[in-house]
Amino acid sequence: MRRGTTRLATALVVLACLGALGACSDDDAASTSTDPVEVEVGKAFTWNGFAVEDGWELKAIERSVSMEEVVTPEVTGTIKNTSDEERAALFEMVFSADGSEVATVNCSARKMLPDQSQQLVCPGLSATMPEDYDAVVVQEYGRETTSG
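The structure presented is a predicted model; accordingly, all values stated were derived computationally and were not measured. (Residues numbered from 1 in each chain as written. Predicted model: local features only at pLDDT ≥ 70, side-chain atom pairs only at ≥ 80, totals over all residues. Heavy atoms only, no water.)

A.B. asks: I'd like a description of the overall build of the protein, backed by residues and values.
C.D. replies: From N to C terminus, the protein includes one helix and nine strands. Reading the protein from its N terminus to its C terminus gives the helix and strand order α-β-β-β-β-β-β-β-β-β. Taking all 148 residues of the protein together, 31% fall into the buried category. At a minimum sequence separation of 6, the contacts of the protein that also span at least 24 residues come to 60%. Approximately 9,500 Å² of the protein is accessible, and the part contributed by carbon and sulfur atoms is 51%. (Helix = DSSP H or I, 4+ residues; strand = E, 2+ residues; numbered from the N terminus. Buried < 20%, exposed > 50% of the residue type's maximum accessible area, 1.4 Å probe, protein only. Contact = heavy atoms within 4.5 Å. Areas by Shrake-Rupley, 256 points an atom, 1.4 Å probe, with all protein chains shown as cover.)

Here's what the structure looks like:
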């Protein structure tokens, strides 16, 4: 009877260890994933080994374009390199309403050492400030957006 209890306990320990290893692997893969991720304005998020801190903002910026005043979007915040190598950030934020893109801002940050933070500024120079949107997706720069 003791052998059965010992085997059961050993099996449970092995399963727990495998589950813990699987969870670690999933976390590591998710932290450097370039899959599109839906985010909420102002809320912290991670994407591709970078973390954008709580409190990032979407601002309306007035610009002169071809003798006209236009209002474009700009995202500002703080970004941190959470990977273990020096690298630069490059991604876009797509604002959409009912599955249709209404504005895109391009985000980039110069090379950062591991655990280094810096200001993030994402100008939407060719976009119009989104008045109404229901989703914000962070994705690879230049990736085609889909409707629907």
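Let's pick the thread back up.
A.B. asks: Please set out the state of the cysteines residue by residue, giving values where relevant.
C.D. replies: If you walk through the whole model with that rule in mind, you get one disulfide. A sulfur-sulfur distance of 2.2 Å marks the disulfide that ties Cys107 to Cys122. When the S-S torsion is 115 degrees, as for the bridge of Cys107 with Cys122, the disulfide is right-handed. Of this pair, Cys107 sits in strand S7 (residues 100-112) while Cys122 sits in strand S8 (residues 117-123); the two residues are 15 residues apart in sequence, bridging distant segments of the chain. For the pair formed by Cys107 and Cys122, the shared burial category is buried. (Disulfide = S-S within 2.5 Å.)

A.B. asks: Now, about the side chain of Asn81: what can you tell me, with residues and values included?
C.D. replies: Locating Asn81 in the fold gives a position in strand S5 (residues 68-81). Of the residues examined, Asn81 reaches a relative accessible area of 0% and is grouped as buried. Engagement of the side chain of Asn81 in a polar contact is seen with the backbone oxygen of Leu113, the distance being 3.4 Å. With near-sequence residues (within four places) excluded, Asn81 lies in contact with Gly49, Phe50, Glu86, Arg87, Met112, Leu113, Pro114, Asp115 and Gln116. (Polar contact = N/O pair within 3.5 Å; in protein donor to acceptor, adjacent residues only side chain to side chain.)

A.B. asks: Summarise unusual backbone geometry; cite the residues concerned and give the values.
C.D. replies: Of note in the backbone geometry, Asp98 takes a positive phi value of approximately 50 degrees without being a glycine. Turning to its location among the elements, Asp98 is positioned in the loop between strand S6 (87-97) and S7. Note on Asp98: relative accessible area 71%, which makes it exposed. A positive phi angle, near 70 degrees, is found at Asp115, a position not held by glycine. Following the sequence through the fold, Asp115 ends up in the loop between S7 and S8.

A.B. asks: I'd love a proper account of a negative patch on the surface, names of residues and values included.
C.D. replies: A cluster of acidic residues, Glu38, Glu40, Asp98, Glu131, Asp132 and Asp134, forms a negative patch at the surface. You can see Glu131 is positioned in the loop between S8 and strand S9 (135-140). Here Glu131 falls in the exposed class, since its relative accessible area comes to 73%. (Patch = residues over 30% accessible without salt bridge, like charges linked within 9 Å, V, L, I, M, F, W, Y side chains within 5 Å. Salt bridge = Lys/Arg side-chain N within 4 Å of Asp/Glu carboxyl O. Lys, Arg positive; Asp, Glu negative; His and termini not counted. Charge placed at Lys NZ, Arg CZ, Asp CG, Glu CD.)

A.B. asks: Any chance you could break down the packing of aromatic side chains for me, citing the residues and the numbers?
C.D. replies: Within the structure shown, the criterion is met by three aromatic pairs. Between Phe95 and Tyr133, the ring centres sit 5.2 Å apart and the planes meet at 80 degrees, which makes this aromatic pair edge-to-face. One end of the pair, Phe95, is in strand S6; the other, Tyr133, is in the loop between S8 and S9, and 38 residues separate them in sequence. (Phe/Tyr/Trp six-rings, centres within 6.5 Å; stacked < 30°, edge-to-face > 60°.)

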